[in-house]
Amino acid sequence: MSASLFFLIPLLPLLGFLINGMGFPHIPKSLAGILGTLTAVGSFLLSLFAFNAFVAEGSQPMVYHLFDWISVGTLNIPFAFQVDQLSLLMLLIITGVGSLIHIYSMGYMHDDAGFGKFFAYLNLFLFFMLLLVMGSNYVIMFIGWEGVGLCSYLLIGFWNKNNSYNDAARKAFIMNRVGDLGFLLGIFTIIATFGTVEYTEVFRQATGFQVGDPIMVTITLLLFVGAMGKSAQIPLYTWLPDAMAGPTPVSALIHAATMVTAGIYMVIRSNVLYSLSPGTLEIVGIIGAATALFAASIGLLQNDIKKVLAYSTVSQLGYMFMGLGAMAYSASMFHVITHAFFKALLFLGAGSVIHAMSNEQDIRAMGGLRKKLPITFLTFLIATIAISGIPPFAGFFSKDEILAHVFEHNKLLWVLGVLGSLMTSFYMFRLLFLTFFGTFRGTQEQAHHLHESPASMTIPLIILAVLSALGGFIGVPEALHGSHQLAAFMSPLYDASRLVNPTAFLPTALSHSEEYLLMGVSVAVALISAATAYVMYVSKNNVPEPETVEKSGLQKLVYNKYYIDELYDAVFVKPIKALSNLLYNFGEFLIDLVVNGSVKLIGMGSALLKKTQTGSVGDYVFAMVLGIVALLFWKLLL
């Protein structure tokens, strides 16, 4: 594939942003939607072409150099793109799922006054995300990294007349900056260590280091701090549930295939450095397991349809980091792909429900929607089965592979992973049953307006449902008579890691019977949870209690998300605000003192000098004589 065509992949969304951004609000809505969507679809088609060309030409990585960007002494940072297995997979996910979200948005946002601006922001988001995954060095990755942070701020706070939405946007922006500081320090350490930020050169030099080298541990820990912020891991996860303030297509875009997977991409891209730092990977795995379990437990009692899915995303990201902690890089990428399918489908399905319910998001006010929204129900059911890890849907294959690697690596983390899987299946089927089964619990006006979403919204749902059902077959394990095509395709990415840490890449020690047992445990747990949710919310027709009903101590703790936001507010937000107010008041006092004091001093001096201007010629002659005498004395004394 020629370099010029490859450069068009990120440039098309940028062009869409410029046209819709500068043309808003003069461009008609229909044209703005078509322009924004066509640029995304065009990028997807070019990505597909690049993928086919890469495979046909023997899967050899290429670097497309555009120009030399920064040259300081011996440090040279080119503006270049790298084409390899990882970047191409990410391109297909970002542009493919992104295109479906653009199409969906044409129906979902049709009546919004900021329609053209919304598509401009979506296009800009795609541009920066593509820049993040296509760059050939850490600096270009960082530009894309910061760019998606900016766009998330714009999109989360899109309905900026609501102050709570603005607060959510600021929270996302600030918490990501905390993680980004660690990422930036990691890049500076890479420059100091290797004298370059180019992936190929950094990884080549890294092969000369020993496993456990302190400098490698430092670099990987700093980079992981950035990943914790962007991919919402403990303790920097609280911004992600609040990001639900944005329009539903934004939630799908941020949570499914783009921004939150940036941290996973960065660790897989830096697999050589992390393979040299087993200690860092242990921390990655522990934090991933804690996040998966913690977020899943919060999702058990949430009643906002989007909040349940938000905590589900945090939990699933924890699973991906668990996989990375066990050096199961391909398994984590596999879950990134399948998660993109079923999580985008879940959010877009939730948007279809919210659209039908006149913007109602509380599942306690829903029920019985499967007859009124048959397409939405069926696609949502497929996504729920997929995320719960029930075969043969996509989530089963990717989650099972992660759990198998984690079992081999650390039995305790595997137990936590299975417990998280149990919770995931329960809260997802709880969400499904409360939304689509039973009797309708909304208002008569809502019941009167219930209808299936337009084709622009249901077609993306159907496509994503097919991918959620069949997407797992790209990674069928040998135990199920598969060849795991994805792992074979990604294998060349780990050549340097095999060189520096060969023991980590030995064939699995699990027998097929052990793998079958692990699969059986995982599936049994998911099915038991689904059956429990069915009994509670369909057979017994239980509905979560309203806010006014007092909850037990544990229920209250979980329902209020363990009061982590309140803790952060007390420990960080309020003290910083108090210090800021103190400094502001002190600064105001000091400035007033200097300014007002100067004014008064000048005023007093002016008043004294004014008295010398009497208007009498005699007084002036006398003053001149005094002046001459003073000058003579001064001259004589010198």
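You'll find the structure just up there.
Before going into details, it helps to say that this report is about the structure given with it. If you're wondering where the values come from, they're calculated on a predicted model, not measured in any experiment.

**Thoughts on the pattern of salt bridges**
Step number 1: If you walk through the whole model with that rule in mind, you get eleven salt bridges.
Step number 2: The partner of aspartate 362 in a salt bridge is arginine 364, and the shortest N-O contact between them spans 2.8 Å.

**Details of the side chain of serine 136**
Step number 1: Relative to the helices and strands, serine 136 resides in the loop between helix H4 (115-134) and helix H5 (138-156).
Step number 2: Take serine 136: its relative accessible area is 0%, and that puts it in the buried class.
Step number 3: Engagement of the side chain of serine 136 in a polar contact is seen with the side chain of glutamate 198, the distance being 3.2 Å.
Step number 4: Ignoring anything within four residues of it in the chain, the contact list for serine 136 reads Val63, Ala80, Phe81, Gln82, Val197, Glu198 and Tyr199.

**Observations concerning the side chain of lysine 399**
Step number 1: Following the sequence through the fold, lysine 399 ends up in helix H17 (residues 394-409).
Step number 2: This buried residue, lysine 399, is left without a salt bridge; aspartate 400 holds the nearest opposite charge, at 10 Å.
Step number 3: At a separation of 3.0 Å, a polar atom in the side chain of lysine 399 contacts the main-chain carbonyl oxygen of isoleucine 387.
Step number 4: Excluding residues that lie within four positions of it along the chain, lysine 399 makes contacts with Gln316, His335, Ile387, Ser388, Ser421 and Thr424.

**Quick look at the nonpolar core**
Step number 1: Grouped together as the largest cluster of nonpolar side chains are 183 residues, with contacts concentrated most on Tyr138, Trp239, Leu273, Met333 and Met490.
Step number 2: In terms of residue count, the dominant contributor to this core is helix H15 (residues 329-356) (17 residues).
Step number 3: Judged by nonpolar contacts, the second largest core, of 18 residues, contains Ala331, Ile402, Leu403 and Leu510.

**Notes on unusual backbone geometry**
Step number 1: Of the consecutive residues isoleucine 234 and proline 235, the connecting peptide bond is found in the cis state with omega at 5°.
Step number 2: Here proline 235 shows up in the loop between helix H8 (214-230) and helix H9 (239-242).
Step number 3: Of note, the amide linkage connecting proline 391 to proline 392 takes the cis form, showing an omega dihedral of 5°.
Step number 4: The topology assignment puts proline 392 in the loop between helix H16 (374-387) and H17.
Step number 5: Positive phi, normally seen in glycine, also occurs at histidine 484, with a value near 50°.
Step number 6: For histidine 484, the location among the structural elements is in the loop between helix H20 (455-470) and helix H21 (485-490).

**Overview of helix H6 (residues 163-194)**
Step number 1: Spanning 32 residues, H6 covers 46 Å between terminal C-alpha atoms, matching the ideal 46 Å at 1.5 Å per step.
Step number 2: A maximum bend of about 25° is found in H6 at valine 178.
Step number 3: Directly after H6, the chain includes glycine 195, whose backbone phi takes a positive value near 75°.

**Brief notes about the packing of aromatic side chains**
Step number 1: One pass over the full model with this rule turns up 38 aromatic pairs.
Step number 2: Considering the side-chain rings of tryptophan 69 and phenylalanine 79, the 6.0 Å spacing of their centres and the 80° angle between planes classify their relative orientation as edge-to-face. Remark: phenylalanine 79 occurs in strand S2 (residues 75-83) and tryptophan 69 occurs in strand S1 (residues 62-72); sequence separation between them is ten residues.
Step number 3: Grouping aromatic residues by their ring pairs yields a cluster made of Phe6, Phe7, Tyr64, Phe67, Trp69, Phe79 and Phe81.

How each quantity is defined
Residues numbered from 1 in each chain as written. Predicted model: local features only at pLDDT ≥ 70, side-chain atom pairs only at ≥ 80, totals over all residues. Heavy atoms only, no water. Salt bridge = Lys/Arg side-chain N within 4 Å of Asp/Glu carboxyl O. Helix = DSSP H or I, 4+ residues; strand = E, 2+ residues; numbered from the N terminus. Buried < 20%, exposed > 50% of the residue type's maximum accessible area, 1.4 Å probe, protein only. Polar contact = N/O pair within 3.5 Å; in protein donor to acceptor, adjacent residues only side chain to side chain. Contact = heavy atoms within 4.5 Å. Lys, Arg positive; Asp, Glu negative; His and termini not counted. Core = buried A, V, L, I, M, F, W, Y, C linked by side-chain atoms within 4.5 Å. Expected span 1.5 Å × (residues − 1). Bend = angle between axes of the 7 residues up to and from the residue. Phe/Tyr/Trp six-rings, centres within 6.5 Å; stacked < 30°, edge-to-face > 60°.

Shape descriptors only; they carry no functional weight alone.
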